[in-house]
Amino acid sequence: MPTSSPQTLLLCLLVLAITESWGQETAIPGCHMHPFNVTVRSDRQGTCQGSHVAQACVGHCESSAFPSRYSVLVASGYRHNITSVSQCCTISSLKKVKVQLQCVGNRREELEIFTARACQCDMCRLSRY
């Protein structure tokens, strides 16, 4: 039976460590800020426009579902038999940033937009802002 050299074992461990970390980069756990490009136009014709890197909140938060307690069943007329508890990744703090717009005729304008300053897991809502 052939034996492996220490160099071969080290190489195999490095390959395993690198391939493991590739999968983790794409699925960062939790709720965190993520940059994305925004193109801002002053009007529908795009008379003035500019771009800026804004921050969004992305990720996942905890959720669970379990059978409802007896008191909940009775109070709901036995219609609420599963209770769900969940949180969503949301923007917890905003900040304004200025975007420089380039206009027709070398004219410039400035516009303020909002971007995320901080993110957190919080109660899920249809619309918060």
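On a predicted model such as this, the values are computed, not experimentally measured, just so you know.

Asker: Which residues make up the overall build of the protein chain, and what values do they have?
Answerer: Summing up its helical and strand segments, the protein chain has two helices and five strands in all. Ordered by position from N to C terminus, the α and β elements of the protein chain give α-β-β-β-α-β-β. Burial statistics for the protein chain: of 129 residues in total, 19% are counted as buried. Long-range contacts, defined as pairs at least 24 residues apart, comprise 54% of the intrachain contacts of the protein chain with a sequence gap of at least 6. Working note: accessible area of the protein chain is about 10,300 Å², and carbon and sulfur atoms make up 57% of it.

Asker: Kindly report on the state of the cysteines, identifying the contributing residues and their values.
Answerer: All told, the structure shown has five disulfides when counted by the stated rule. Bridging Cys 48 to Cys 103, the disulfide has an S-S length of 2.0 Å. Where Cys 48 bonds to Cys 103 through sulfur, the torsion about that S-S bond is close to 110°, and the disulfide is right-handed. Placement of the pair is Cys 48 in strand β2 (residues 48-59) and Cys 103 in strand β4 (residues 82-103), with a sequence separation of 55 residues. Disulfide partner of Cys 88: Cys 124, at an S-S distance of 1.9 Å. Its torsion about the S-S bond being 95°, the disulfide of Cys 88 and Cys 124 is classed as right-handed. Taken together, the residues span a long stretch of sequence, with Cys 88 in strand β4 and Cys 124 in the segment after β5 (108-123) at a distance of 36 residues. Residue Cys 88 is classed as partly exposed on the basis of its relative accessible area of 30%. Taken in N- to C-terminal order, the disulfide-linked cysteines of the protein chain are connected 1-6, 2-7, 3-8, 4-9, 5-10.

Scoring rules and cut-offs
Residues numbered from 1 in each chain as written. Predicted model: local features only at pLDDT ≥ 70, side-chain atom pairs only at ≥ 80, totals over all residues. Heavy atoms only, no water. Helix = DSSP H or I, 4+ residues; strand = E, 2+ residues; numbered from the N terminus. Buried < 20%, exposed > 50% of the residue type's maximum accessible area, 1.4 Å probe, protein only. Contact = heavy atoms within 4.5 Å. Areas by Shrake-Rupley, 256 points an atom, 1.4 Å probe, with all protein chains shown as cover. Disulfide = S-S within 2.5 Å.

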